[in-house]
Amino acid sequence: MPHKVLIIGSGCSGYTAAIYTGRANLSPFLISGSEIGGQLMLTSDVENFPGFPKGIMGPDLMDNLKAQAERFGTTMLIDYVESVDFSKSPYVVKTAGGKTEEALTVIISTGATAKWIGIPSEKKFFGKGVSACAVCDGAFYKGKEVAVVGGGDTAMEESNFLTKFASKVTLIHRRSEFRASKIMQDRAKANPKIHFMLDSVPEEVVGAETVEGVKIRNVKTNQVSTLPCAGFFVAIGHQPNTKIFGNQIKLDANGYIATDGRTRTNIPGVFACGDVMDSMYRQAITAAGTGCMAALEAERYLETLDHH
Ligand code: NAP
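Residues numbered from 1 in each chain as written. Predicted model: local features only at pLDDT ≥ 70, side-chain atom pairs only at ≥ 80, totals over all residues. Heavy atoms only, no water.

Moving on: the packing of aromatic side chains. Throughout the structure, instances matching the rule amount to eight aromatic pairs. Pairing F49 with F52 gives two aromatic rings, centres 6.1 Å apart and planes at 50°, and the pair type is tilted. Since its relative accessible area comes to 12%, F49 is described here as buried. Judged by its relative accessible area of 27%, F52 falls in the partly exposed class. Chaining the aromatic ring pairs together yields one cluster made of F86, Y91 and F245. Taking the ring centre of F72 as reference, the NZ or CZ of R23 above it sits at 5.4 Å. (Phe/Tyr/Trp six-rings, centres within 6.5 Å; stacked < 30°, edge-to-face > 60°. Buried < 20%, exposed > 50% of the residue type's maximum accessible area, 1.4 Å probe, protein only. Lys NZ or Arg CZ within 6 Å of the ring centre and 35° of its normal.)

This paragraph deals with the site of the ligand. Of all residues adjacent to the ligand, which total 19 residues, the nearest are G151, D153, T154, R175 and R179. Contacts to the ligand include R174, whose side-chain N or O atom sits 3.0 Å from an oxygen atom. The side chain of R179 places a nitrogen or oxygen atom 2.6 Å from an oxygen atom of the ligand. Its free accessible area being 920 Å², the ligand has 79% of it covered by the protein chains. (Near = heavy atom within 4 Å. Polar contact = N/O pair within 3.5 Å; in protein donor to acceptor, adjacent residues only side chain to side chain. Areas by Shrake-Rupley, 256 points an atom, 1.4 Å probe, with all protein chains shown as cover.)

Once that is clear, we can look at the layout of surface pockets. Its volume calculated, the second largest pocket comes out at about 170 Å³. In this structure, the second largest pocket is lined by 13 residues; those nearest its centre are G127, K128, G129, F140 and Y141. (1 Å grid on protein atoms, 1.4 Å probe; cavity = no way out; pocket = protein on both sides within 12 Å on 5 of 7 lines; lining within 4 Å. Points joined across faces, edges and corners; volume = space filled by probe spheres on them.)

What follows covers the nonpolar core. By size, the foremost hydrophobic cluster in this structure holds 28 residues, and its most contacted members are I7, C12, Y15, L40 and I107. Elements represented by at least two residues in this core include exactly β1 (3-8), α1 (12-23), α2 (58-71) and α7 (284-306). If one sorts the elements of this core by residue count, α7 sits on top with seven residues. Setting aside chain neighbours within four positions, we find C12 in contact with L40, M62, L65, A284, A287 and A288. With 21 residues, the next largest nonpolar core counts L6, L77, V93 and A103 among its residues. (Core = buried A, V, L, I, M, F, W, Y, C linked by side-chain atoms within 4.5 Å. Helix = DSSP H or I, 4+ residues; strand = E, 2+ residues; numbered from the N terminus. Contact = heavy atoms within 4.5 Å.)

Relative to each other, α1 and α7 sit at 40°, their axes nearing to 7 Å. As α1 packs across α7, the resulting crossing turns out to be right-handed. Each of C12, S13, T16, A17, Y20 and T21 in α1 lies in contact with α7, whose residues at this interface are A284, A287, A288, G291, C292, A295 and L296. Tallied by class, residues from the contact of α1 with α7 come to nine nonpolar, four polar and no charged. (Axes fitted to C-alpha atoms, helices over the stretch in contact; angles between N-to-C directions. Left-handed = near helix turned anticlockwise from the far one by under 90°. Nonpolar A, V, L, I, M, F, W, Y, C, P; charged D, E, K, R; others polar.)

Sheet architecture is open: three strands sit in the order β14-β15-β16, paired in antiparallel fashion. Taken across any chain shown, the strands that pair with only one partner, and hence form the sheet edges, are β14 (200-206) and β16 (224-228). Going from strand to strand, the sheet's axes swing by 30° on average, the running direction of each strand aside. As paired strands, strand β15 (residues 213-218) and β16 are joined by five bridges and run antiparallel to one another. Among the inter-strand pairings, V214 is bridged to a residue of β16, identified as L227. (Pairing = 2+ DSSP bridges.)

All right, on to the side chain of E158 then. Within the secondary structure layout, E158 lies in helix α5 (residues 153-162). For E158, which is buried and forms no salt bridge, the nearest opposite charge comes from K164, at a distance of 12 Å. Within the local environment of E158, its side chain forms a polar contact with the backbone nitrogen of A134, the two atoms lying 3.3 Å apart. Not counting chain neighbours up to four residues away, the residues in contact with E158 comprise A132, C133, A134, F233 and A235. (Lys, Arg positive; Asp, Glu negative; His and termini not counted. Salt bridge = Lys/Arg side-chain N within 4 Å of Asp/Glu carboxyl O.)

Attention shifts here to the side chain of E297. On the secondary structure map, E297 appears in helix α7. Since its relative accessible area comes to 10%, E297 is described here as buried. A distance of 2.9 Å separates the side chain of E297 from the side chain of R262, its partner in a polar contact. Apart from the residues lying within four places of it in its own chain, the contact partners of E297 are R262, T263, R264 and F271.

By themselves these figures say nothing about function.
Here you go:
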């Protein structure tokens, strides 16, 4: 028997879809992906998820969502999806662990992953001073100088977070204006440990075994200088995780899964929710919201199958 609902991904949107389809007695089957719990597992305080006036730690929120999904009959498989076949129903999903699952509806909630700048030395020093997650790696830089690249909310948040450990944080941004929200900018600007290097792009990470500095070019003067630092944090946004769907699912101009405003993709019975289809808001609460929408749409779609 194919699953009625198969959910790919275990972030806010996937777990919310599981809670809703579970409560609708659809016995959802959820495949976790390799980063169980998604992006919030890499966050510390979540201050803007409604219902938690004092905030909640990202991993705690995800543990709660998981427990809530399991309470309503979600079966969770710790594995990741390697390929899908959406050419005919029931749809087929194959995992790296060798499982083949069939499903009448699929809810895609594979999220998004941090972007890299694309300079070769960034890869060379990954894990040796180069990081895309201040929360994961910040504590290694107690009393040291670090650099952060980016001009969005993530860059501001990571810079502020890193000042808990680092003696100095230099925020490198390619323009003179930030796209970060005003409140996040103001917080960073008010932090005496944060210094700004504007109109600047990193060209090379330098060091012997570990990061010792970054070569930076000022895009207005073309002058190149070396900023000494022990840590180099890339915080320039995210890439939607759509690779496993090949060309079977329609994407939008930014590479996110295209949906019709009701989480429906171009394939009947296949829905997308969370950061894999949202290049605009990318919040935990909006991911949960679209997860709920996808669940309700899947339920509605299954009802139409019953009437045939
Ligand atoms: P983002 O808003 O897309 O910002 C990415 C930043 O990186 C931009 O400033 C961009 O520069 C820069 N950038 C992109 N590619 C670059 C490259 N190759 N080299 C150098 N710089 C590059 O991404 P984000 O900051 O990750 O935020 C994503 C979403 O999550 C936003 O909606 C944000 O509001 C939200 N968020 C919210 C919170 C919070 O409220 N607590 C925290 C984190 C994120 P340009 O500006 O020049 O394009």
